[in-house]
Amino acid sequence: MYFKILVLCLAVLTSNIAISQEKGDVYVDETGLMHWSHNGKEVKGFGVNYSAPFAHAYRSAQKLGVDLKTVIDQDVYHFSRLGFDLYRIHVWDTEISDEEGNLLENEHLEIFDYLLKQLKDRGINFVLTPIAYWGNGWPEPDEDTPGFSNKYGKAESLTDAAAIKAQQNYLAQFLNHVNPYTGNAYKDEPNIIAFEVSNEPHHRGEPEEVTDFIQKMLDAIRSTGTKKPIFYNVTHSINLAEAYFDADIQGGTFQWYPTGLGFQKELEGNLLPNVDDYHIPFDDVITKNGGAKLVYEFDAADVNKSYIYPAMARSFREAGIQIATHFAYDPAYLAHVNTEYNTHYMNLAYTPQKALALMIAGEVFHRVPVNADFGAYPENLIFQDFEISYEDNLAVLNSADKFIYTNTNSLQPKSGDELKLIAGYGNSESVKYEGKGAYFLDKLKDGVWRLEVMPDAILVDNPFGANSLEKTVAIINWNEWEMSLDLPSLTSEFSIEALNDGNKFKPEVFEKTFKIKPGTYLVKASGVDFDKASADLQKFELEEFSAPETTVEGTYVIHEPVKEISSASELEISVEIVSNEKIEKVEVWLQNGNTYESIHLKNKTGYTYSAQVPQKLLAQGFLKYRIIVYTEEGDFTFPGNVVGNPGDWDFHSSDEYRVSIVAKESPIVLFNAIEDEDYIVGEWLPTLNLVPTANPNEAEYRVNVEKLFRKDIENPEATPIYDYSFKYNFNRKTQGRKTEFSRKDKLMVKARALNEKSTKLQLAFVMKNGAAFGKIIDLVPETREYEISLSDLKPVKTVSLPRPYPTFLPYYFEHRNLDEFNIEDVESLQFSIGPGLSEEERFEKHGVGIINVLLQ
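The rules behind these values
- Residues numbered from 1 in each chain as written.
- Predicted model: local features only at pLDDT ≥ 70, side-chain atom pairs only at ≥ 80, totals over all residues.
- Heavy atoms only, no water.
- Pairing = 2+ DSSP bridges.
- Helix = DSSP H or I, 4+ residues; strand = E, 2+ residues; numbered from the N terminus.
- Axes fitted to C-alpha atoms, helices over the stretch in contact; angles between N-to-C directions.
- Contact = heavy atoms within 4.5 Å.
- Buried < 20%, exposed > 50% of the residue type's maximum accessible area, 1.4 Å probe, protein only.
- Patch = residues over 30% accessible without salt bridge, like charges linked within 9 Å, V, L, I, M, F, W, Y side chains within 5 Å.
- Areas by Shrake-Rupley, 256 points an atom, 1.4 Å probe, with all protein chains shown as cover.
- Salt bridge = Lys/Arg side-chain N within 4 Å of Asp/Glu carboxyl O.
- Lys, Arg positive; Asp, Glu negative; His and termini not counted.
- Charge placed at Lys NZ, Arg CZ, Asp CG, Glu CD.
- 1 Å grid on protein atoms, 1.4 Å probe; cavity = no way out; pocket = protein on both sides within 12 Å on 5 of 7 lines; lining within 4 Å.
- Points joined across faces, edges and corners; volume = space filled by probe spheres on them.
- Nonpolar A, V, L, I, M, F, W, Y, C, P; charged D, E, K, R; others polar.

1. Details of the sheet that holds strand 7 (residues 192-196)
1) Next: Taken in spatial order, the 8 strands line up as 4-5-6-7-8-9-10-11 and close into a barrel, and their pairing is parallel. In this sheet, adjacent strand axes meet at a mean angle of 25 degrees when their direction is disregarded.
2) Next: Judged from the 3 bridges that link them, strand 6 (residues 125-129) and strand 7 form a sheet pairing that is parallel. Each residue of the ladder has a partner; that of Phe-126, found in strand 7, is Ile-192.
3) Next: Each of strand 4 (45-49), strand 10 (292-298) and strand 11 (323-326) touches helix 12 (residues 352-367); the most contacted strand, strand 4, lies at about 145 degrees to it.

2. Quick look at helix 2 (residues 55-64)
Residue pairs spaced three or four apart in an α-helix point in one direction, given the helix's 3.6 residues per turn.
1) Next: Buried residues dominate helix 2, accounting for 7 of its 10 residues.
2) Next: Every buried residue belonging to helix 2 is among Ala-55, His-56, Ala-57, Tyr-58, Arg-59, Ser-60 and Ala-61, and all of these are buried.
3) Next: Contacts from the buried residues of helix 2 go to helix 3 (68-81), helix 4 (93-96) and helix 5 (107-121).
4) Next: Following helix 2 by one or two positions, Gly-65 adopts a phi angle in the positive range, close to 70 degrees.

3. Points about a negative patch on the surface
1) Next: Taken together, the side chains of Glu-206, Glu-208, Glu-209 and Asp-246 present a region of like negative charge at the surface.
2) Next: Relative to the helices and strands, Glu-209 is located in helix 8 (residues 207-222).

4. So, the environment of Ile-680
1) Next: Structurally, Ile-680 can be placed in the loop between helix 13 (673-676) and strand 39 (681-682).
2) Next: Each C-alpha atom of the pair Ile-680 and Val-509 lies 52 Å from the other, and the pair is 171 residues apart in sequence.
3) Next: With sequence-adjacent residues up to four places away left out, Ile-680 is seen in contact with Phe-263, Phe-671, Tyr-701, Phe-726, Lys-727 and Tyr-728.

5. Quick notes on empty space enclosed by the protein
1) Next: Under the counting rule described, the total for this entry stands at 6 cavities of 30 Å³ or more.
2) Next: Approximately 140 Å³ is the volume found for the largest cavity.
3) Next: As for the largest cavity, its lining consists of 18 residues, and the residues nearest its centre are Asn-270, Pro-273, Asn-274, Lys-727 and Val-766.
4) Next: Looking at the lining of the largest cavity, the elements that each hand over two or more residues are strand 42 (724-729), strand 44 (759-767), strand 48 (798-799) and strand 50 (826-833).
5) Next: Tallied by class, the residues present in the lining of the largest cavity amount to 6 nonpolar, 8 polar and 4 charged.
6) Next: In this structure, the second largest cavity occupies an estimated 110 Å³ of space.
7) Next: What lines the second largest cavity is simply Phe-263, Glu-266, Leu-267, Glu-268, Leu-271, Tyr-679, Val-681, Lys-727, Tyr-728, Asn-729, Leu-801 and Pro-802.
8) Next: It is strand 42 that provides the largest number of residues to the lining of the second largest cavity, a total of 3 residues.
9) Next: In terms of residue class, the lining of the second largest cavity is built from 8 nonpolar, 1 polar and 3 charged.

Dropping the structure here:
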């Protein structure tokens, strides 16, 4: 549903696209690097996980009436458009096997085979993980599937003799299976780089038992005659690293979720420190055994920004990792609801900036040598031809042949006539564009370019929360926007011709500027001859295009009011408005006490409407307002999207936006437990609790820690760190008073120690660059206000929060920031129980109750 299928038929596609040459198997050399056997070149690859043939994605396609093969064609085209050349999946063995491990030739396997054929035709290679051990439910309840994983579960599958036999049977049959679309058995498929035995097995047995189990799996795979490298997951139970390599594996697989999983909302603040270093503490074991390294899954979960993926790719390459796949790409028919994995969100149409960031990350994997060293944050934000900026939410590749960027920037492209590709979002020195979709420009010859423009993507709800097929989190809008081009060899006089099927739009160019709609176009300088049949785009056709249709079915207002300002401040109300009807005007009805006013919001750019609030409404008090959108079909009032406006006699909504306006000398509330507890970032404990105090509208956030150090079952030999830390980012809360920070000189902390005994709490500011400055305070059991002078803050350790997966990654961010404390650069509070405790106190129970933290 919701698709405009504008692609050539499969037969033409297969015959015309430059199919990847048949190649020999991959081998791993003595240094642990994978090479292609037919030419000896180092294996490189980057792409995504994608699970349309299985589980929730498969069932949802049936519910929505989607033709899976059609949408697979669309998504795989987008993989190619983004430059991906690698695919990985943990196959839901529970859906394609029986209890004895016999392979079931069913609809899941058939669709999977079709997917592999489409990937192969685009020159995309694979890493296949035949065993997942999962049920097929997530996020729904598991179904009663026929497979051995359903019968035995993961833990028993690792130890039970019958389960082991079933897995051996299944692995052999899986590799011997012949894909009817390619005619190749998996064991012989040239596009398969390697097999990973299983997904995250989590071994708990003795080393000899683990080695024996793995070897049995390897023997089953090798019994098919395959020569391909076999990898095993080594990121869990890392105390067994030697046992893994005592079996005949050729390498280890890794994951990285540096921002944790399942925060249920977007994480705030600079997360580049979280991805500064992918340190593998057992790397010596891998090196000693000549093992190769690949990443089967990674993501910055619960992050909707575009700056982070290239930094992760850089850290991976520095760690010696050859290939990697992001987890997970949303099938286009699910991306508007993001139900498959709500902590992740990725799709070219719906998350264009993040998709472009993945495109740049892929370039990192192909351009940066393994084991390179670019130093530590923040010096490593510019490396080779790459540049990363948290402040601008920007990642860039600016090389001689490619200019790819995730956001508006003023960088000058490095090259002239050598430039072959531009891919971007927003404005640059090469392209000016108001739309909210990605665009691509491929040079075909001097003076001739292929332009592809995606429709606008607008986020209208929290994509990381409780999602449903009935809840839309993002919409697509096909609009007509102005675009300007300043490209090498393209004179001021050029023409634009629509290429994709059904596209009748005819742009008119004036001084390099024109209106454009989504689609694919030929941009040709005046006087230049070009034969379309000569176009050689390697992995896709000249006329190819695919994008979701417009899904705007009403009027949407995207707006979050400023929480608090001082009466000395100015206030601008800025909103994004999208409607399926023509917008006639937008008003804001405001009230502060007995002062009323209405103002018009003007369309400044794109979907953005804004206006300044009159100063007379900014006196100390509460500014309350509603936004009314007038369309040809009626009026709509926000918040609430209520039909009508507050002037109607029967208008019934009491919802309002509200801004607190305080005296300019008032303290700035950085943290208030009753309001902000849900945004605290830290390891979950069953003893965490929010409890009302005896005072009205006041609550205490209680943190009781039974043990400051608890052995990590995945890393049981780790050096103990006696610390429990949590963090709160106050950017959202204090944005209206940021300019007043420099006029404050102390912190006031209202808190107490729990358990009827004193304890120590270290409170620290974390700055934008990841450095932390704090002080230890001695809490007593009675609630008190503790004063900390900002001049007393000293450098302290920054804890990497959220805690990452895998858990062996460093607890502290080891930075090289030498900057002094600057109150204008702070963005988070870090609370730590552990610093300052004696050797004996480290082993005791500690608890704190925090009510608020003020800056005054």
